[in-house]
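Below are the chains, spelled out letter by letter.
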Amino acid sequence: MSVETIHPDNRAADMPLAAPQIGLPIGILAELTHRCPLRCPYCSNPLELERREAELDTATWKRVFTEAAGLGILHVHLSGGEPTARVDLVELTAHCAAEGLYTNLITSGIGRAGVMIGPLAEAGLDHVQLSLQGASAENADRIGGYKGGHAAKLAFARQVTDLGLPLTVNAVIHRGNIHEVEDMIALAVALGARRLEVAHTQYYGWAYANRAALMPARADVDRSVALVEEARRRLEGVLVIDMVIPDYYARFPKPCSGGWGRRTLNVTPTGRVLPCHAAESIPGLEFWSVRAHALGDIWRASPAFNAFRGTDWMREPCRSCERREMDFGGCRCQAMALAGDAAATDPACSKSPFHARVEALATAEAAATAPGYVYRTIGGASALPQGGRT
Amino acid sequence: MRAEETDVPRLPRGVKLKYDQVRSRHVLLAPERAFDIDETAAAVLELVDGTRTCGEIVDALAARYDEKREVIADDVRDMIGDLIARRVIER
C-alpha cells in the first residue's frame, strides 16, 4: 500500500497526479479581498492594493469555484487580505463544500473573523490557518501595526478549537521576531494547533520593500532552524511543523509554487489569474481574467501560465542542471527582482552569477541598524522609495 | 511510529477521504496536504471509522484478502502509525 504526500506548496514532493507539461492543478488561492485590519510590513499582497469596488461579485466567485472543482482542484485557500471582510464568505464556503472542495480559511483572526467562524464551521469549513505576528502581545502588535490584535487572535484560536476545527498557526519570521521562535512553538501547542508554519519571510511585495527592516542574521536563522528540528522530534504526534527557509541564505532555490503553472493558481480580488501571488511583478506577462475566460482555459492556454511552464524556457545553468525538475529554476519573480530578468536562474541558487551578491546584500542588511517599517496600507505604496533596492 | 492493535483510529475533522472523479482515484485531504491513496490504502482508510480497533481492521482485511494476518497487521499498523505521527489520523 502506498500513501504519498502530493503537496504542500514550496516543497519538492512527488507529484504523481500531474503530467509533466500541463497537468491538473491541485490548489487555488482565492484572494477574495485586499482589505485587512492588519498592516504587516511583509504582506504578500502587491504594493498596489485593489479597492472594494473593483472586487469580483459573489456569483463570479461561485462560478470560479465550480470550474475549479471540475478542473481537478482539491484545496481552496480562502485568503486575502482578510477574507472575513467579505460579507458573502459563509455563502462562498458553503458553495465550495457543496462542490466537494476542501476549504482552508487563511485569516488574521481579527475584525469580523470572530463573529463569522461559527457560521463558517456550519457551512462546512475544513481548516483554519491563523497568522500570529509574534509570541508576545507587545511585539506582535508592533509588527502587525494593530493594537490589541494579538489578544484578539488568541481568543479567536480558542473559538476555532472549541468548534472542533483543525487549527494551523502561521508565523512569518524575520529579524523582529526570530528570537521568539521557541515561544511561538510553545504557544502553538498551548493553543491546540495541529500544525505550525515557521515561515521565514520571502521577499516579495511589501516584504521586498521592507527587506532591510526584516532580514535576519544568518546565525539567528541557523539557530531557529535548529530549534525547529529539535521541536519536530520532541512534538511528533502533537504538532506538525513545516518550515520555509529564508532563501537569500540558501544553496538551492525553492521550487516556487511547486513549479510555474504546474500545481496551483491564484485569483486576485478583481479576477486576474496568476501562477503565483507575485507574478504581476514580472513585466510583459499577459494575465487572463475570470471575467472573460473559463478557469480551465486560463490554466491551459493563458500566455502567463505558459511563459515559464516546464523546462523549455530555461537557459544555462538551469537547462542542463540535474535539479531542473526538482526546483524548476527557482522563483521567476525573485529572478526578476534580483537579476533583472525573469528567465534567469533564481539568484537564491548557488549556481547563479548573482548569488554571492545576494548573500552579501542579506548579510549587510542584517548587520545594519533596522530602518522603521513601511506599513502596508491601501494607497501606501506612494510612501516607498522609488526604484529597486538591489 | 507504529499503531497498536488496540488503538481505535479515526479521521478527525479536517481530514477527508475522497474519491476524485477527475483523476479516478482516492485522495486523502488534510490541512495543506493531499495524499495519493492506492486501492489497498483506501481499503484500510474506509475501515477507519472511530469505532473499529486496528486489530478489527486487520481482521476485516484478512477475511477479504489472500494474505497472512501478520503481514497485513504489520502494514496496517505502520500505515496508521505514520498517519498518526503526521496528525492526519487520531486515536
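Cut-offs and rules
- Along each chain, the written sequence defines residue order, and numbers are assigned to residues from 1.
- Chain letters start at A and ligand numbers start at 1, both assigned in the order the entries are written.
- Under the rules for a predicted model, residues below a pLDDT of 70 receive no local features and side-chain atom pairs below 80 are neither given nor counted, while totals for whole chains, interfaces and linings still include all residues.
- Only buried Ala, Val, Leu, Ile, Met, Phe, Trp, Tyr and Cys residues enter a nonpolar core, and they are joined through C-beta atoms within 7 Å.
- Whether a residue is buried, exposed or partly exposed follows from its count of other C-beta atoms within 10 Å of its own C-beta, namely 20 or more, 12 or fewer, or something in between, respectively; the C-beta atoms are built from the backbone.
- A run of DSSP states H or I qualifies as a helix once it reaches four residues; a run of E qualifies as a strand once it reaches two. Both are numbered from the N-terminal end.
- Remark: residues whose backbone-derived C-beta atoms lie within 7 Å of one another are considered to be in contact.
- For two strands to be treated as a pair, DSSP must find no fewer than two bridges joining them.
- Classification convention: Asp, Glu, Lys, Arg as charged; Ala, Val, Leu, Ile, Met, Phe, Trp, Tyr, Cys, Pro as nonpolar; all other residues, Gly among them, as polar.
- pLDDT expresses, on a scale from 0 to 100, how confident the predictor is about each individual residue.
- Axis definition: a line fit to C-alpha positions, over the contact stretch in the case of helices; interaxial angles, taken between N-to-C directions, run 0 to 180 degrees.
- Working definition: roughly parallel below 35 degrees, roughly antiparallel above 145 degrees, roughly perpendicular at 65 to 115 degrees, and oblique for all remaining angles.
- In this scheme the crossing of two helices becomes right-handed for a clockwise turn of the near helix relative to the far one and left-handed for an anticlockwise turn of less than a right angle.

*Asks:* Where do I start with the nonpolar core in this structure?
*Replies:* Side chains of nonpolar character tend, in soluble globular proteins, to be buried together. In this structure, A:Ala68, A:Val76, A:Cys333 and B:Leu28 are the most contacted members of the largest nonpolar core, which totals 129 residues. Top element by residues in this core is helix α13 (residues 332-339) of chain A. It accounts for six residues. The residues contacting B:Leu28, other than those within four sequence positions of it, are B:Val15, B:Leu17, B:Ala34, B:Phe35, B:Ile37, B:Leu45 and B:Val88.

*Asks:* I'm lost on the sheet that holds strand β4 (residues 102-107) of chain A in this one. Help?
*Replies:* In a beta sheet, neighbouring strands pair by backbone hydrogen bonds and run either parallel or antiparallel. All names here are of chain A. One open sheet accounts for nine strands, arranged β8-β7-β6-β5-β4-β3-β2-β9-β10; its pairing is mixed. Either end of the sheet is taken by a strand with one partner, and the two such strands are β8 (240-244) and β10 (273-274). Sheet topology note: the strand β2 (residues 27-31)/strand β3 (residues 75-79) ladder contains five bridges and is parallel. Within the sheet, the bridge partner assigned to Gly27 lies in β3 and is His75.

*Asks:* What's the story with the environment of A:Leu227 in this structure? I'm lost.
*Replies:* All names here are of chain A. Mapped onto the secondary structure, Leu227 falls in helix α9 (residues 218-234). Along the chain, Leu227 and Val181 lie 46 residues apart, while their C-alpha atoms are 7.7 Å from each other. When neighbours within four sequence positions are excluded, Leu227 is seen to be in contact with Val181 and Glu182.

*Asks:* What's the story with the interface of chain B and chain A in this structure? I'm lost.
*Replies:* One frequently used descriptor of interface size is the decrease in accessible area upon assembly of the parts. Counting from both sides, the interface comprises 27 residues of chain B and, opposite them, 29 residues of chain A. Of all the elements in the fold, those that place two or more residues in the side of chain B that touches chain A are β1 (16-20), β2 (25-30), β3 (33-37), α1 (39-45) and α3 (69-85) of chain B. The biggest single contributor to the side of chain B that touches chain A is β3(B), with five residues. Classifying every residue of the side of chain B that touches chain A gives 14 nonpolar, two polar and eleven charged.

*Asks:* I would appreciate a short explanation of the confidence of the model for chain B in the present structure.
*Replies:* Predicted coordinates in regions of low pLDDT should not be interpreted in detail. Residue and element names in this part refer to chain B. Chain-level statistics for chain B give a pLDDT mean of 93 and a share of 100% at 70 or above. Of all the helices and strands in chain B, β3 carries the lowest mean pLDDT, 90, while helix α2 (residues 54-64) carries the highest, 95. Listed scores for the predicted complex are pTM 0.92 and ipTM 0.89.

*Asks:* How should the packing of helix α1 (residues 58-70) of chain A against helix α2 (residues 89-98) of chain A be read in this particular structure?
*Replies:* A packed helix pair is summarised by two numbers, namely the angle formed by the two axes and the spacing between the axes. Residues and elements named next belong to chain A. Contact geometry for α1 and α2: axes closest at 10 Å, N-to-C directions at 20 degrees. One finds that α1 runs roughly parallel with respect to α2. In this structure, α1 crosses over α2, and the sense of that crossing is right-handed. Of the residues in α2, those in contact with Thr58, Trp61, Lys62 and Phe65 of α1 are Glu91, Leu92, His95 and Cys96. Taken together, the residues of the contact of α1 with α2 break down into four nonpolar, two polar and two charged.

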